[in-house]
Amino acid sequence: MSATPPPPPPQQPYGGAPQLSPADEKLWATLVQIGGILFSWIPALIGYLVLKDRGPFVRAHTATALNFQITIFIAYVVGGILSIVVIGIFIIIAAWVLNIVFSIIAAVKANQGEFYTYPVAIRFVS
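Residues numbered from 1 in each chain as written. Predicted model: local features only at pLDDT ≥ 70, side-chain atom pairs only at ≥ 80, totals over all residues. Heavy atoms only, no water.

Caption draft 1: How the structure looks around the environment of Lys109. Position of Lys109 relative to the elements: it lies in helix 4 (residues 87-111). Lys109 sits 79 residues away from Thr30 along the chain, and the two C-alpha atoms are 8.2 Å apart. Those residues in contact with Lys109 that lie beyond four places of it in its chain are Glu114 and Tyr116. (Helix = DSSP H or I, 4+ residues; strand = E, 2+ residues; numbered from the N terminus. Contact = heavy atoms within 4.5 Å.)

Spelled out as structure tokens, the structure:
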């Protein structure tokens, strides 16, 4: 009577974390995109760190959202520094408007299950 060890559990297909369903991927991608309007780069960073191994769709959206939110944050800092001169106020207003408009467009695309690339973003995370 020899005891054979049980077979190892099946490996997860993407990364090691359990894969999200397509509906959950769309939901989280949409929430990360909208979160940038209210909380700047923090939702994109948390979403990227937590969800990047849960599916390719949510990884792509969290990475692009993080890149865009970091770019907007840099624009806010530059605008804050240049607010000593009047031009900084216009930079802050332009960054605020771009953040709202492009984040809503990206959230709609994520909700429709489409990939989106921001037209104005520096690529920090891939």
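Don't stop here, the text continues.
Caption draft 2: Representation of helix 1 (residues 22-39). Here helix 1 spans 25 Å end to end across 18 residues, near enough to the 26 Å set by a 1.5 Å rise per residue. Taken as a whole, helix 1 has its buried residues at Glu25, Ala29, Thr30, Val32, Gln33, Gly35 and Gly36. Looking at the packing, one finds that the buried side of helix 1 touches helix 2 (42-51), helix 3 (56-81) and helix 4. Looking at the residues trailing helix 1, positive phi occurs at Ser40, about 60°. (Expected span 1.5 Å × (residues − 1). Buried < 20%, exposed > 50% of the residue type's maximum accessible area, 1.4 Å probe, protein only.)

Caption draft 3: Local environment of the packing of helix 1 against helix 4. Their axes nearest at 8 Å, the elements helix 1 and helix 4 cross at an angle of 175°. Classified by the angle between their axes, helix 1 and helix 4 sit roughly antiparallel to one another. Residues Lys26, Ala29, Thr30, Gln33, Ile34, Gly36 and Ile37 of helix 1 form the contact with helix 4, whose own contacting residues are Asn99, Ile100, Ser103, Ile104, Ala106, Ala107, Ala110 and Asn111. Across the contact of helix 1 with helix 4, the residue classes break down as 8 nonpolar, 6 polar and 1 charged. (Axes fitted to C-alpha atoms, helices over the stretch in contact; angles between N-to-C directions. Parallel < 35°, antiparallel > 145°, perpendicular 65-115°, else oblique. Nonpolar A, V, L, I, M, F, W, Y, C, P; charged D, E, K, R; others polar.)

Caption draft 4: Quick peek at helix 4. Over its 25 residues, helix 4 runs 36 Å from end to end, which matches the ideal 36 Å to within 8%, given 1.5 Å per residue. On its buried side, helix 4 packs onto helix 1 and helix 3. One or two residues past the end of helix 4 sits Gly113, with phi positive at roughly 85°.

Caption draft 5: View of the pattern of salt bridges. Under the criterion given, the structure shown has 2 salt bridges. For Asp53, the salt bridge identified is with Arg59, shortest N-O distance 3.9 Å. Classification of Asp53 as partly exposed rests on a relative accessible area of 33%. On the basis of relative accessibility, which here comes to 26%, the residue Arg59 falls in the partly exposed class. In this structure, Glu114 and Lys109 form a salt bridge, with 3.3 Å as the shortest nitrogen-oxygen distance. A relative accessible area of 34% places Glu114 in the partly exposed class. (Salt bridge = Lys/Arg side-chain N within 4 Å of Asp/Glu carboxyl O.)

Caption draft 6: Inspection of the packing of aromatic side chains at higher detail. Scanning the entire structure with this criterion turns up 5 aromatic pairs. With centroids separated by 5.1 Å and ring planes inclined at 65°, the aromatic side chains of Phe57 and Phe115 adopt a geometry described as edge-to-face. Of this pair, Phe57 sits in helix 3 while Phe115 sits in the segment after helix 4, placing them 58 residues apart in sequence. Residue Phe57 is classed as buried on the basis of its relative accessible area, which comes to 10%. Centroid distance Phe68 to Tyr118: 4.1 Å. Interplanar angle 0°. Geometry classified as stacked. Of the two residues, Phe68 is situated in helix 3 and Tyr118 in the segment after helix 4; the sequence distance between them amounts to 50 residues. Of the two residues, Phe68 and Tyr118, neither departs from the other in class, the shared state being buried. Every member of this aromatic cluster is reached through a ring pair, and the members are Phe68, Phe102, Tyr116 and Tyr118. (Phe/Tyr/Trp six-rings, centres within 6.5 Å; stacked < 30°, edge-to-face > 60°.)

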